[in-house]
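# Architecture and fold: a report
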Amino acid sequence: FLMFRMFRLFMRRAIPLTLAAALSLSLLPRASAAPSVAEIQRQVNDLREEAASKYEAANAVKYQISKLQRQLNGLKQGEAAANAKATALQSEISKLAIENYKSGGLGNGLTLMLSRDPAKYLSDAAILDVIAQRYSTKLRQLKSYKQGLQSTQLVVSDRTTQLQAAQKNLEKQVAAANAALDKATKLLASLKAEERAKLLAADDADQAKILAESKRLAALYAGGSTRGAIALRFALNQVGDIYVWGGAGPTKWDCSGLTMRAFGAAGVSLPHSAAVQYNYGKYIPRSALAPGDLVFFGRPISHVAIYLGKGKMVQAPRPGKRVEVTDFVNSLGRKPYIGARRL
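Residues numbered from 1 in each chain as written. Predicted model: local features only at pLDDT ≥ 70, side-chain atom pairs only at ≥ 80, totals over all residues. Heavy atoms only, no water.

## Focus on the pairing of strand β4 (residues 294–297)
Burial along β4 is two-sided: Leu294 and Phe296 and Val295 and Phe297, pointing in opposite directions, are all buried. Counting the residues between successive antiparallel strands, the hairpin from β4 to strand β5 (residues 303–309) contains five residues, one of them, glycine 298, with a positive phi of roughly 100°. Sheet analysis places β4 next to strand β9 (residues 335–342), joined by four bridges and oriented antiparallel. In the strand pairing of β9, phenylalanine 296 is matched with glycine 339. (Buried < 20%, exposed > 50% of the residue type's maximum accessible area, 1.4 Å probe, protein only. Helix = DSSP H or I, 4+ residues; strand = E, 2+ residues; numbered from the N terminus. Pairing = 2+ DSSP bridges.)

Here's what the structure looks like:
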């Protein structure tokens with residue numbers, strides 16, 4: 001009986017301790033499994049796509065900066081011209097005042113009032129009136145130029161502020177793009193040497209297949225004489241060239257740099273920005289797409305390609321890739337299809 005009671009007492013104490021230990025172990029943070037090679041490849045590709053989007057946003061800001069800079073230069077030229085005219089008028093008015101003072105100033109008015117010669121009175125009065133009119137006209141012109149100058153200076157100040165903000169935005173977009181690429185590089189570096197070698201070899205093999213198929217499809221394009229056909233042929237001739245942000249030829253391209261130069265070959269001037277290019281030409285519904293139409297992706301727009309026909313398009317995709325012919329799809333990663341324009 002004594003042994004039985006001792007056993008029950010032991011169990012009452014041991015079971016709660018065992019449960020507490022089990023519970024504490026279950027609450028400990030579990031070491032997360034290292035990402036697979038395939039997962040790292042997916043993350044690297046996503047980061048490169050993100051970098052391409054940020055770089056294209058930077059292209060839009062660069063266009064805005066160039067536009068603001070042109071406006072600012074024009075305003076400063078107008079400011080200088082108005083300032084020069086105001087200075088010249090001020091000098092002319094000063095000379096008139098000095099000459100009038102030397103010839104008698106306000107005493108002329110008293111002389112006219114006391115004159116006994118009507119003819120002389122009328123003659124001198126006419127001269128005085130001319131002087132007064134000249135003063136009045138010059139003063140009005142001076143006032144107008146000074147008002148214009150003040151207005152221009154306000155606009156110059158406003159444009160300067162906008163330009164400074166745009167330059168900060170550009171730096172922000174470029175920094176974000178570079179950060180994404182740096183993160184991708186670190187992810188690749190986190191792999192074991194043999195895993196990294198296999199991944200890079202697989203990627204090279206994949207890119208080689210894409211390049212071979214792209215060249216095959218490019219060779220099948222018959223071409224034409226329309227602007228879109230000429231631009232499309234130009235873009236297809238660049239298949240295999242590498243993607244570089246800001247690239248606009250002859251062997252390095254980003255997406256809008258390629259389309260800008262392609263349509264430049266067809267006599268159409270486009271800015272180096274996918275978002276701004278979307279404002280050119282006329283909107284084309286998806287059902288009416290034809291070879292040579294520009295197709296846009298991303299919200300906000302961050303990618304542009306040229307439709308080839310039969311569900312294909314040519315593009316400069318992102319860092320780590322080359323100009324290629326690829327499927328025309330509803331979405332490029334996180335970038336949905338937005339619309340098409342015909343130039």
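Additional details are given in the paragraphs that follow.
## Describing the pattern of salt bridges
Taken as a whole, this structure holds nine salt bridges when the rule is applied. Of the charged contacts in the structure, one is a salt bridge between arginine 318 and glutamate 49, with a shortest N-O distance of 3.7 Å. Within this pair, whereas arginine 318 is found in the loop between β6 (312–315) and β7 (324–327), its partner glutamate 49 is found in helix α2 (residues 37–102), the two being separated by 269 residues in sequence. For arginine 318, a relative accessible area of 6% translates into the label buried. Using a relative accessible area of 26% as the deciding quantity, one classes glutamate 49 as partly exposed. Between glutamate 324 and lysine 321 there is a salt bridge, and its shortest N-O distance comes to 3.2 Å. Its relative accessible area of 4% is what places glutamate 324 among the buried residues. Assessed through its relative accessible area of 14%, lysine 321 is described here as buried. Beyond isolated ion pairs, a larger network of salt bridges with shared partners links Glu39, Arg42 and Asp46. (Salt bridge = Lys/Arg side-chain N within 4 Å of Asp/Glu carboxyl O.)

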